[in-house]
Every structure is written in C-alpha cells, then in structure tokens.
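The chain contents come next:
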Amino acid sequence: FFNEFPDIKKQYPNLPIIIISAFSTLSTAVKAVKHGAFEFISKPFDIKKVLQVTENAFDELNVKKKKLKNRETKEFNKKLIGKSEPMLNIYHSISKIIGHNLTVLITGESGTGKHLIAKTIHDLSNQNENFFKINLSMVNSKTIEKKISNLLFENSTIYLDNVNEINISLQPYLLNLLRNTFLKIENENIKNIRFIISSSENLMKLIEKGKFREDLFYYLNIIPLYIPPLRERKEDIKDLVESFIILNKIKNLPIKSIHNYAYKELENYSWPGNIKELETFINRLLILSPG
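The following paragraphs examine the structure supplied in this document. (Residues numbered from 1 in each chain as written. Predicted model: local features only at pLDDT ≥ 70, side-chain atom pairs only at ≥ 80, totals over all residues. Heavy atoms only, no water.)

Examining a nonpolar patch on the surface
Here is step 1 of the chain: Residues I20, F45, I47 and L51 make up a contiguous nonpolar surface patch of roughly 360 Å² in combined accessible area.
Here is step 2 of the chain: Relative to the helices and strands, L51 resides in helix 3 (residues 47-59).
Here is step 3 of the chain: A residue is classified by how much of its surface remains accessible, and L51, at 55% relative accessible area, is exposed. (Patch = residues over 30% accessible without salt bridge, like charges linked within 9 Å, V, L, I, M, F, W, Y side chains within 5 Å. Areas by Shrake-Rupley, 256 points an atom, 1.4 Å probe, with all protein chains shown as cover. Salt bridge = Lys/Arg side-chain N within 4 Å of Asp/Glu carboxyl O. Helix = DSSP H or I, 4+ residues; strand = E, 2+ residues; numbered from the N terminus. Buried < 20%, exposed > 50% of the residue type's maximum accessible area, 1.4 Å probe, protein only.)

Brief notes about the sheet that holds strand 7 (residues 223-226)
Here is step 1 of the chain: Read across the open sheet, the 5 strands follow the order 4-5-6-3-7; overall the sheet is parallel. The strands lining the two open edges of the sheet, one partner per strand, are strand 4 (130-135) and strand 7. The mean inter-strand angle of the sheet, taken between neighbouring strand axes irrespective of direction, is 20 degrees.
Here is step 2 of the chain: Of the strand pairs in this sheet, strand 5 (residues 156-161) and strand 6 (residues 193-199) are connected by 5 bridges, and their pairing is parallel. Bridge pairing in strand 6 links L160 to I197. (Pairing = 2+ DSSP bridges. Axes fitted to C-alpha atoms, helices over the stretch in contact; angles between N-to-C directions.)

Here we look at the nonpolar core
Here is step 1 of the chain: Counting residues in hydrophobic clusters, the biggest one holds 30 residues, and the most contacted among them are V163 and F195.
Here is step 2 of the chain: Elements supplying a minimum of two residues to this core: strand 4, helix 6 (141-149), strand 5, helix 7 (171-187), strand 6, helix 8 (203-208) and helix 9 (214-220).
Here is step 3 of the chain: If one sorts the elements of this core by residue count, helix 7 sits on top with 5 residues.
Here is step 4 of the chain: What V163 contacts, discounting residues up to four positions off in sequence, is L136, L174, I197, S198, S199, L203, F212 and L220. (Core = buried A, V, L, I, M, F, W, Y, C linked by side-chain atoms within 4.5 Å. Contact = heavy atoms within 4.5 Å.)

Brief notes about the packing of aromatic side chains
Here is step 1 of the chain: Applying the stated rule across the entire model yields 7 aromatic pairs.
Here is step 2 of the chain: Measuring from centroid to centroid gives 5.1 Å for F217 and Y218, while their planes differ by 65 degrees, and the two rings are edge-to-face.
Here is step 3 of the chain: The class for F217 is buried, based on a relative accessible area of 8%.
Here is step 4 of the chain: Over the face of the ring belonging to F131 we find K119, whose NZ or CZ atom lies 5.8 Å from the ring centre. (Phe/Tyr/Trp six-rings, centres within 6.5 Å; stacked < 30°, edge-to-face > 60°. Lys NZ or Arg CZ within 6 Å of the ring centre and 35° of its normal.)

Details of the side chain of T103
Here is step 1 of the chain: If you trace the backbone, T103 turns up in the loop between helix 4 (85-97) and strand 3 (104-107).
Here is step 2 of the chain: Once you skip the residues sitting within four places of it in the chain, T103 turns out to touch F182, F195, I197, L220, I222 and I223.

Looking at the pattern of salt bridges
Here is step 1 of the chain: A full pass over the atoms with the stated rule returns 7 salt bridges.
Here is step 2 of the chain: Note that E39 and K96 form a salt bridge whose closest N and O atoms lie 3.6 Å from each other. A residue pair is termed long-range when its members are at least 10 positions apart, and E39 in strand 2 (residues 39-42) and K96 in helix 4 qualify at 57 residues.

A look at the environment of E232
Here is step 1 of the chain: With respect to the element layout, E232 can be found in the loop between strand 7 and helix 10 (237-250).
Here is step 2 of the chain: Of the residues examined, E232 reaches a relative accessible area of 43% and is grouped as partly exposed.
Here is step 3 of the chain: When the C-alpha positions of E232 and E85 are compared, they lie 9.7 Å apart, and in sequence the two are 147 residues distant.
Here is step 4 of the chain: Setting aside residues up to four positions removed in sequence, E232 forms contacts with P86 and Y226.

Structural data, given as structure tokens:
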C-alpha cells in the first residue's frame, strides 16, 4: 500500500489519508507518517476515535502540511519491542515527533527502557549522527555547563538522564543554562539539535514535596512521553523473552526453550526492576538452568 502513496499524493495532493492496520508496530507507524498519512490507527479501534480523526482530517484539508524531505528511510531500533496498547501508544507518539526537534521529557521507572526510547527517537530524527548522554546525578554547576557547551554539534541529540536526581539548589542553574543554550543554538544557527530529558520519578509529585522546581518542570515538559512499567504491559513479556534468547544466541551463550506454562509464571510476577530485571533473570536461567 505504501507504494501507492506517491500516485495518490500526486493526483490528490490535499487529500488526507488515514491508515487503519492490524500490523501495529513502530515501523508501520513511522512509515505511515513519513509517507504523508494524516493519522495511523491500530486495530482494534474505537469507532468514536475514527470518526473524530476523520472530522479532524476534513478540518485540515486546506492546511499545508510540513513534509519530511530528502531523508533516507532508516531501520528503527529493533530492540524496542511490544504489541501491548501502552507500547502502541508510544509508537504512535514517536511517529508524531520525528519531524521536529522539540524537547522530549521521558518519564518511567528504572529499567523501563528510557535510554532505548531516547536513542530510537534520535535515530529516527537526527539521521543517526551524534547521541550524547549526560547523567545529571553525577554533575555539578561547572561540569554540566562544560559538558553541554562542548556537545552542540549539528544533527545531535543531548540526552539528560536522571533529572529527578539533580539537587534542588542546582535546578535554577540548570534552567538558566538551558535557556542560554537554546538562545545560543538560535543565534548561531546550529541546526537539528534535540534535547531529551528523562526522569525515573513523577516530577509533579516531587514538586508537591518541594524537591523539584515547578518552573523547570514546565520548561522541560514540552513533549511528555510516559513509559509504563512492565507490570502494566505483561502481554509483551513473551516477545521480550524471545528477543533476549535471540541476543544470547548472537553472543554464543547457551540457547534453551521456555515452556508456555513458564510464561504464565513470568506474567504472575510484578517485576519491580522492569525490563532490565526480566532480561537479567532470563540470562541467568539460560546459563544456569539445566533444562
């Protein structure tokens, strides 16, 4: 169907196209957007949502849409795995933000894969060039300014990890530093730079406790992206485990199969360490379990 997009767009350049598919992956969502689809809807769908999206499409018939030009279609990070509703929502959100470089705030518990989400957004947005990570829990006012100023290269993502762990006394400095950095990017016309921020805690709750500045939160919270814990997407456990087994095969580690009843046991556990705990557990089983 994607092969027909050029002909459709050529004949009906203002026609909004809505795709409804049961093949709901990040790849299909991204392809749909890159080919100019107005919206991508996963099956099964809510008819009210379809009607609302259709209404929105007609409302924007005369609006000139921005298109992604001269961009090679890159293979997305295959480690981003899951077919659950929360993951489909994440795929949908990622597909919507790859055409610009607005700041993204990723929130999720430790072990949910925030770094992987950040890297995937970068790979799809910035032509797979520079990806820099700064752990905010390990910096002070002097080191963070030096680190950021040394990383302002075109086609880059600057990933500020663990913003929830930065001391509240340092937060006003971080806010001012980011403001000055964006002014520098604009004044010096440094193209294609995105900031991605991550937090392992709910920042609104930290604000209520007096541990996080409200002005800093609203400055960072431009595009919020919530990564659910594994206990909220247990239907993805089997796919995740199979991917870990494949990775062990690549690493030439012992390969074993897991019975269906074992998957039920895995789904009954709460996984407080999320995907990272699951991966570590499966690796341990594959190496140490006799059967």
